[in-house]
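# Topology and contacts: notes
One-letter residues, chain by chain:
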Amino acid sequence: MKNDVYKNIVIMGTIKQIISLVCFTILAIVFGHWWIVFFSIIFMCLNVNINEKNIDESE
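Reading guide: rules and limits
- Residues numbered from 1 in each chain as written.
- Predicted model: local features only at pLDDT ≥ 70, side-chain atom pairs only at ≥ 80, totals over all residues.
- Heavy atoms only, no water.
- Helix = DSSP H or I, 4+ residues; strand = E, 2+ residues; numbered from the N terminus.
- Buried < 20%, exposed > 50% of the residue type's maximum accessible area, 1.4 Å probe, protein only.
- Patch = residues over 30% accessible without salt bridge, like charges linked within 9 Å, V, L, I, M, F, W, Y side chains within 5 Å.
- Areas by Shrake-Rupley, 256 points an atom, 1.4 Å probe, with all protein chains shown as cover.
- Salt bridge = Lys/Arg side-chain N within 4 Å of Asp/Glu carboxyl O.
- Phe/Tyr/Trp six-rings, centres within 6.5 Å; stacked < 30°, edge-to-face > 60°.
- Contact = heavy atoms within 4.5 Å.
- Expected span 1.5 Å × (residues − 1).

Moving on to the environment of Phe-39. Checked against the element boundaries, Phe-39 lands in helix α2 (residues 35–42). For Phe-39, a relative accessible area of 39% gives the class partly exposed. For Phe-39 and Phe-24, which are 15 residues apart along the polypeptide, the C-alpha to C-alpha distance reads 9.5 Å.

Nonpolar side chains collect at one region of the surface, where Ile-18, Val-22, Ile-26, Leu-27, Val-30 and Phe-31 lie side by side and expose about 590 Å² of accessible area between them. Secondary-structure assignment places Ile-18 in helix α1 (residues 2–31).

On to the packing of aromatic side chains, then. This model, assessed by the stated rule, comprises 3 aromatic pairs. Geometrically, the ring pair formed by Trp-35 and Phe-39 is edge-to-face, given 6.5 Å between the ring centres and 70° between the ring planes. Highlighted residues: Trp-35 and Phe-39, both in helix α2, separated by 4 residues, approximately one helical turn. For Trp-35, a relative accessible area of 39% translates into the label partly exposed. Grouping aromatic residues by their ring pairs yields a cluster made of Trp-34, Trp-35, Phe-38 and Phe-39.

Another point: the side chain of Ser-40. Structurally, Ser-40 is set in helix α2. Ser-40 sits in the buried class, given a relative accessible area of 9%. With residues near it in sequence (within four places) discarded, Ser-40 still touches Leu-21 and Phe-24.

For an α-helix, 3.6 residues make a turn, and residues three or four places apart therefore share a direction. Between the first and last C-alpha of α1 there are 44 Å, a value that for 30 residues agrees with the 44 Å anticipated at 1.5 Å per step. Gly-13, Gln-17 and Ala-28 are the residues of α1 that are buried. Buried residues along α1 sit against α2. Downstream of α1 by one or two residues, Gly-32 has phi in the positive range, about 75°.

Rendered as structure tokens:
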């Protein structure tokens, strides 16, 4: 059960980052500034805090 929860969290975080990158790419194309995508990639991060106590309670 825990592995499924971890896998879902990683998948959701990855999807969020892909969507953010696509949005910033569209913004860069519209405004004609390549550095918008460059800085969005630099400041991108995935912070996942998993509280195992909450996972155990949900089972």
